[in-house]
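Chain by chain, the residues run as shown.
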Amino acid sequence: MTKEIQEVKDVVIRFAGDSGDGMQLTGMQFTNTTAVLGNDFSTLPDYPAEIRAPAGSLPGVSAYQINFSSRDIRTPGDAPDVLVAMNPAALKTNLKDLKDGGMLIVNEDAFSETNLKKAGYAENPLGDRSLSKYEVYKIPITTLNANALKETPLSKKEAERCKNFYALGLMFWLYDRPYDVTISWIHDKFSKKPDVAQANELALKAGFHYGETAEIFRKHFRIPKAKLKPGVYRNITGNEATALGFVAASKLAGKPLFLASYPITPASDILHELSRHKNFGVQTLQMEDEIAAAGAALGASFAGGLGLTTTSGPGLALKSETINLAVMTELPLVIVDVQRGGPSTGLPTKTEQADLLQSLFGRNSESPVAVVAPATPSECFTMAIEAFRIAVTYMTPVIYLSDGYLANGSEPWLIPEPENLSPIAIKHPTDRTTFRPYARDERTLSRPWAIPGTPGLEHRIGGIEKANVTGNVSYDPANHDLMCRLRAEKIARIADDLPPLSIFGKPSGEVLVVGWGGTYGAITSAVEDLQKEGHEVSSVHLRYLNPLPKDLKEILSRFETIVVPELNLGQLSLLLRAKYLVDAHSLNKLQGQPFKVGEIIAGVKRFMTTKEVRQWPPNPTTRQAQPR
Amino acid sequence: MAPESNDPASPAALTRKDFVSDQEVRWCPGCGDYAILAQVQKVLADLKLPRENYVFISGIGCSSRLPYYVNTYGFHTIHGRAPAIATGVKTYRPDLSVWVVTGDGDGLSIGGNHLMHALRRNVDLKILLFNNKIYGLTKGQYSPTSELGKKTKSTPAGSIDYPLHPLSFAVAVGATFIARSIDSDTNHLAWTLEQAGRHKGSAFVEIFQNCVIFNDDAFKDATDRSVRPDHTVLLEHGKPLIFGKEKNKGVRMKGFGFEAVDLGGNITEKDILVHDAKNPDPSYAFLLANMELPELPVPVGVFRSIEKPTYESMLHAQIAKAKQSQGEGDLRKILFDTETWSVTA
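Everything numeric here is computed off the predicted structure, so don't read it as measured data.

Parameters at a glance
Counting restarts for each chain, with residues numbered from 1 along the sequence as it is written. Written order determines the labels here, with chains lettered from A and ligands numbered from 1. Given that the model is predicted, a residue must reach a pLDDT of at least 70 before its local features are reported, and side-chain atom pairs must reach 80 or more before they are shown or counted; all residues, however, enter totals for whole chains, interfaces and linings. With hydrogens and water stripped out, all remaining heavy atoms of the structure feed into the side-chain values. For two strands to count as paired, DSSP must find a minimum of two bridges between them. Each helix is a run of DSSP H or I of at least 4 residues and each strand a run of E of at least 2, with the numbering of both proceeding from the N terminus. Two residues form a contact once any of their heavy atoms are found within 4.5 Å. Angles here are taken between N-to-C directions and fall from 0 to 180 degrees, while the axes themselves are lines fitted to C-alpha atoms, restricted in helices to the stretch in contact. Centres within 6.5 Å make a pair out of two Phe, Tyr or Trp rings, where for Trp the six-membered ring is used; the pair is then stacked when the planes are under 30 degrees apart, edge-to-face when over 60, and tilted otherwise. Type-normalised accessible area, obtained with a 1.4 Å probe on protein chains alone, sets the label of each residue: buried when under 20%, exposed when over 50%, and partly exposed for intermediate values. Assignment of crossover handedness uses the view with strands pointing away from the viewer, where a clockwise path from the first strand over the helix to the second indicates a right-handed crossover. Exposure above 30% relative accessible area and the absence of a salt bridge qualify a residue for a patch, where like charges join within 9 Å and nonpolar side chains (Val, Leu, Ile, Met, Phe, Trp, Tyr) within 5 Å. Per-residue accessibility takes into account occlusion by the displayed protein chains alone, with areas from the Shrake-Rupley method and a 1.4 Å probe. Should a side-chain nitrogen of Lys or Arg be within 4 Å of a carboxyl oxygen of Asp or Glu, the pair is scored as a salt bridge. Charge counting treats Lys and Arg as positive and Asp and Glu as negative, with His and both chain ends excluded. Just so you know, the charge point we use is NZ for Lys, CZ for Arg, CG for Asp and CD for Glu.

**A look at the sheet that holds strand 21 (residues 559-566) of chain A**
Residues and elements named next belong to chain A. The parallel open sheet is built from five strands, whose spatial order is 19-18-21-22-23. Both edges of this open sheet fall to strand 19 (537-542) and strand 23 (615-616), since each of them pairs with a single strand only. With five bridges connecting them, strand 21 and strand 22 (residues 584-588) associate as parallel partners. In the sheet register, Val-564 faces strand 22, and the bridge partner there is Ser-586. Strands strand 18 (509-516), strand 19, strand 21 and strand 22 of the sheet are contacted by helix 19 (residues 571-580), whose axis makes an angle of about 145° with strand 21. Sheet contacts for helix 20 (residues 597-609): strand 18, strand 19, strand 21, strand 22 and strand 23; angle to strand 22, the most-contacted strand, approximately 145°.

**Comments concerning the packing of aromatic side chains**
Counted according to the given criterion, the structure contains 22 aromatic pairs over all chains. A ring pair is formed by Phe246(A) and Tyr400(A), whose centres lie 5.9 Å apart and whose planes are at 55°; its orientation type is tilted. Residue Phe246(A) is found in helix 9 (residues 238-253), and its partner Tyr400(A) is found in strand 15 (residues 397-403); the two are separated by 154 residues along the sequence. No difference in accessibility class separates Phe246(A) from Tyr400(A), as the two residues are buried. Between the aromatic rings of Phe258(B) and Tyr284(B), the centroid separation amounts to 6.4 Å while the plane-to-plane angle is 65°, which identifies the pairing as edge-to-face.

**Considerations on the pairing of strand 18 of chain A**
All names here are of chain A. For strand 18, a buried count of seven out of eight residues is recorded, marking the element as mostly surrounded by other parts of the structure. Inspection of the sheet shows strand 18 paired to strand 21 by four bridges, in the parallel sense. Of the residues in strand 21, the one forming a bridge with Gly-509 is Phe-559. Sheet analysis places strand 18 next to strand 19, joined by six bridges and oriented parallel. Pairing of Gly-515 across the sheet is with His-541, part of strand 19. With helix 17 (residues 520-532) bridging strand 18 and its parallel neighbour strand 19, the resulting β-α-β unit is right-handed.

**Thoughts on a positive patch on the surface**
All names here are of chain A. Together, Arg-52, Lys-157, Arg-161, Lys-189 and Lys-193 line one region of the surface with positive charge. Structurally, Lys-193 is set in the loop between helix 7 (180-189) and helix 8 (194-213). Residue class for Lys-193 comes out exposed when judged on its relative accessible area of 51%.

No statement about biological role is implied by the geometric values presented.
Set out below in structure tokens:
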């Protein structure tokens, strides 16, 4: 029996289960197939910090959301259309997000008394009317999977581990996706365990065929290809794109990349990825701590390499001493901070963008560094190259601010042809008659990068203040004043090389939404929706946070209201207020989750109607203090 | 600093003077650092490497100013971090001869972690630890090597920190070359530095260095010329641990440790321990490192010198192997060599 296929434009699916259920893997496999089918998509993995929280418990729930579409989309979607819940805890923690009337697919077998108790359910929600506003499909996935695998030599426990592929197969059928991409992945992955490979394939196919034959789904869905710019695409996460960008930077500069790092979530994948590319001459060192990692990277820079260190917020705090040394010695160094919820250990696996002020000011004395931030997972590639271009051109540390959302989220990427990328020019002086360690380039104010092993250029640098030009140790008051100003001016001059900002929407009007980093997708979608509703709203997105683009001041002046959505308590808006004396309003969220499009729409509207409010939502403690 | 005007000569013709920088040396008059600096400069010439291939990296403290005074490439860095920074330099550029200059506070207190890991990784660094058992540059607080009960500005009632033995530490973390010398014993110091310079791997040298201002004569019991022959024993590979002005004393095994004995009567040279710097078992070096007055003489010389592949050589071997098996990295290949799909207009 062939069932009816209904064409839809876009769908948001969330897979949720226990952290041992393989939900991330399931989501990624669904994504890969979606990519190959030519839909646009955006993903949001959301997993606990514990490797394995107790099975069936609420903190142990791991989820993966994908938004895929025949249209151009920019976010993983505000609310799922479909929730796949592999156990009661997954249902309990995720149901509130499901759209009214949304499809709920549950593994009925997992709704045992023990699991219900662990999830805090007094009654089985599958048995009462609490789910009546959803389209509920109760499927005994564990049993069906076990039956499908009973001929395999796997133990009962091993067979049960394949149930995520059963669920995946079912979802493949429901959204009319072929399973061959995943089957070839399975055989690649389990090439040394043919029994496991065969079992996973069986489970996947069984799930798929169940959808086709069982009399529970009346129809299934098809999402046509998206109309993307012509070219060759791949699926990429922000961390992968960051790592590949650095490999590209090394090729473009004609120099080996040197990464010294200390493992930390959510930055570690960059270390993992770069460690695989030794045939590019990439040197990766896992150092004893964040301090050593920054130090080794700076040592490599001193020796003439592309010194790189990667971390997340708490690690950036430890690296600040070395970043200051790089500022003082005017050496190139790229520091990646994949921001996560903080302060301190904070929310290790959740996203935030609250390290902006730490990046700009978190060091002793006047210590200017360049700061850049990619806006989308795929843009991490170009911004990684850009970080090194700035670092070597201006002889400065560059902080690259990614975040957990960009790092783990994925989207289709129009792969650039390597020959279209511009080379990174690097000069090492060799002329001993003209060399002075702190002589400066007229345009960039950078000092020469003379490297050990060059005859006749022997010189000493270090953290003690240096006399301009000669580089001799200097405690002269006037020289220190001059050097502080020179170091600041050097960073300011980076703005000369920056592209003009592009305004999304009209060049002037009522509201300008200013964003930076990973909030780009949600902001742009929100602004687009507001424009469709007829509001005079535009947006600009900042990829360069220090220095800020030269045209920003003038753009800000053309709008009545400035709104700055940030996953912090108003760090960019503080900067804009201080630097440009504009009444920037803050739209804030600190929940370890990215903005939803709807939250930004609602927030911007709030500022349009009540101009006296400077921050939204207002601080809950002050709200309580107000008379009711 | 501007580069010195003299042309680099061929390495064979370099002398100590070629390693003197144009910077005025600013240590206190009488500081042991002057003697160490002079021997370092001499040894650099003796090692006959091109001057531009030497790199000196230091942390913070009086000793750490040394790179400014040596006419090579130099990097005066931050408290305790020199071993980490030097690890980056040496790993990125294995062709360079990288020297780390540190003190007991810098290397063993704030930088203890980095020192431990540089040594255990066997990065080919020459690490010179100037031990004066005091904080000099911060003006006289006790250090991790200060003796228990040491009265200083920060310990007016006496230090209650048990001191760390730098060489026991080095043995414990697996250093492949461990030596000790004395600032004022110029010939021995030069010889020791040269051994360190020729070692392939992490070389750790403790130098007893006298701080005339804050801890004068800290090592007097061992280093004073009048008592030195009786209170120190020279470690030379393959030679017995015989010491004393009259060469009439020796060190022999007793139980799990050592004892000092007088030669003569029943005790002959045959009973005396023969130094084996190449012993792969660290237990022996550990016992040597813990020899202390008054029971035992203080050993000077090379405690341990064993061979192990260096960190950077293993890393570069992995890179060479990857290039050989996968070919030189091709950007197009890693960008496109995955599941891709084409979108046509």
